[in-house]
Amino acid sequence: MAADKALRFYLLAVCFVAMVCAAITTGMVIYGLVKIAAPELTLDTWSYSAHQSLEDFRQSQFNPDNRTPGRVFAPTTGGPLALGPSPTAQPGGKPPLSDEQLELQRQQSYQQVLAGHQRSALQDLVRLSIVLLVSALLFYTHWRIANRQVTADG
């Protein structure tokens, strides 16, 4: 009799935890859908502000003129690669972009930021869907066993 109560407690506890996980995940899924439908609304403040005016963009790191050369690691060799002007580039670099060119860069950059934000939301939805699926399977199987336990006890 005590073993039956312990088993029933375990089964119902797993159902409870699965429901809590599903509830939290559902909220995150809804937020992910908002990120896809209205990315401007959920975009981080720094990226959003940097694209709101030409002057803001001019001072931001999104502006190609402000990007500093850096180093990244090559995926095949693991060694550093220099980014920036090539050894054959003219001294002094290129002239800064005109306002029209910069405006075009700002618009393109903003679209890229929004597209990346939406892609990130889609990746999140895939992960959250997996969590919902696992929660649903755990809940369903444990709930069925718990119901059998209750009907067997009469």
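Residues numbered from 1 in each chain as written. Predicted model: local features only at pLDDT ≥ 70, side-chain atom pairs only at ≥ 80, totals over all residues. Heavy atoms only, no water.

**Thoughts on the pattern of salt bridges**
Stated precisely, the cut-off is as follows: Salt bridges, as used here, are contacts in which a Lys or Arg side-chain nitrogen is within 4 Å of a carboxyl oxygen on Asp or Glu. Under the DSSP-based scheme used, a helix requires at least four consecutive residues in state H or I and a strand at least two consecutive residues in state E, with every element numbered from the N terminus. Each residue gets one of three labels from its accessible area relative to the maximum for its type: buried under 20%, exposed over 50%, partly exposed in between, using a 1.4 Å probe on protein chains only.
A complete count under the given rule lists 5 salt bridges for this structure. The partner of Asp124 in a salt bridge is Lys35, with the nearest N and O atoms 3.7 Å apart. Separated by 89 residues along the polypeptide, Asp124 in helix α5 (residues 99-153) and Lys35 in helix α1 (residues 2-37) bring together distant segments of the chain. The partly exposed category is assigned to Asp124, whose relative accessible area is 25%. With a shortest N-O distance of 3.2 Å, Arg58 and Glu55 are connected by a salt bridge.

**Details of the packing of aromatic side chains**
Think of a pair of aromatic rings as described by two things: how far the centres are apart, and how the planes are tilted against each other in angle. So the rule is basically this: Pairing of aromatic rings covers Phe, Tyr and Trp, the last through its six-membered ring, and needs centres within 6.5 Å; plane angles under 30 degrees mean stacked, over 60 mean edge-to-face, and all others mean tilted.
Evaluated as defined, the whole model comprises 2 aromatic pairs. For the pair Trp46 and Phe62, a centre-to-centre distance of 5.0 Å together with 35° between the ring planes defines the contact as tilted. Of this pair, Trp46 sits in helix α3 (residues 45-50) while Phe62 sits in the loop between α4 (54-59) and β1 (71-73); the two residues are 16 residues apart in sequence, bridging distant segments of the chain. Judged by relative accessible area, which is 15%, Phe62 ranks as buried. Seen in terms of ring centroids, Phe139 and Trp143 are 5.6 Å apart; in terms of plane orientation they differ by 10°. Their pairing is stacked.

**Observations regarding a nonpolar patch on the surface**
The cut-off we apply is this: Residues forming no salt bridge and having over 30% relative accessible area are the ones grouped into patches, like charges within 9 Å of each other and nonpolar side chains (Val, Leu, Ile, Met, Phe, Trp, Tyr) within 5 Å. The Shrake-Rupley method, run with a 1.4 Å probe, gives the accessible areas here. Residue values count only the displayed protein chains as cover.
A surface patch of nonpolar side chains, amounting to about 480 Å² of accessible area, comprises Phe16, Val17, Val20, Ile24 and Met28. Tracing the sequence through the fold places Phe16 in helix α1. The exposure class of Phe16 is exposed, given its relative accessible area of 58%.

**Structural notes on the packing of α1 against α5**
Stated formally: Between N-to-C directions, angles span 0 to 180 degrees; the directions come from axes that are lines fitted to C-alpha atoms, helices contributing only their stretch in contact. Orientation labels follow simple angle bins: below 35 degrees gives roughly parallel, above 145 gives roughly antiparallel, 65 to 115 gives roughly perpendicular, and whatever is left gives oblique. By the definition used in this description, the sense in which the near helix is turned from the far one sets the handedness, with an anticlockwise turn below a right angle giving left-handed and a clockwise turn giving right-handed. For this classification, the nonpolar set comprises Ala, Val, Leu, Ile, Met, Phe, Trp, Tyr, Cys and Pro, the charged set comprises Asp, Glu, Lys and Arg, and every other residue, Gly included, is treated as polar.
Between α1 and α5, the shortest axis-to-axis distance is 7 Å and the interhelical angle comes to 155°. As the angle between them shows, α1 and α5 are arranged roughly antiparallel. Of the two possible hands of crossing, α1 and α5 adopt the one that is left-handed. Of the residues assigned to the contact of α1 with α5, the class counts are 26 nonpolar, 9 polar and 5 charged.

**As for the confidence of the model for the chain**
Inclusion rule: pLDDT measures the predictor's confidence residue by residue and takes values from 0 up to 100. Note on contacts: a residue pair is in contact if any heavy atoms of the two residues lie within 4.5 Å.
When pLDDT is averaged across the chain, the result is 86; 82% of the residues are at 70 or more. Within the model, the stretch residues 86-91 combines pLDDT values under 50 with 0 contacts to residues more than four positions away or in other chains.

**Side note on the side chain of Asn63**
By the secondary structure assignment, Asn63 is in the loop between α4 and β1. Residue Asn63 is classed as buried on the basis of its relative accessible area, which comes to 2%. When neighbours within four sequence positions are excluded, Asn63 is seen to be in contact with Phe57, Arg58 and Leu102.

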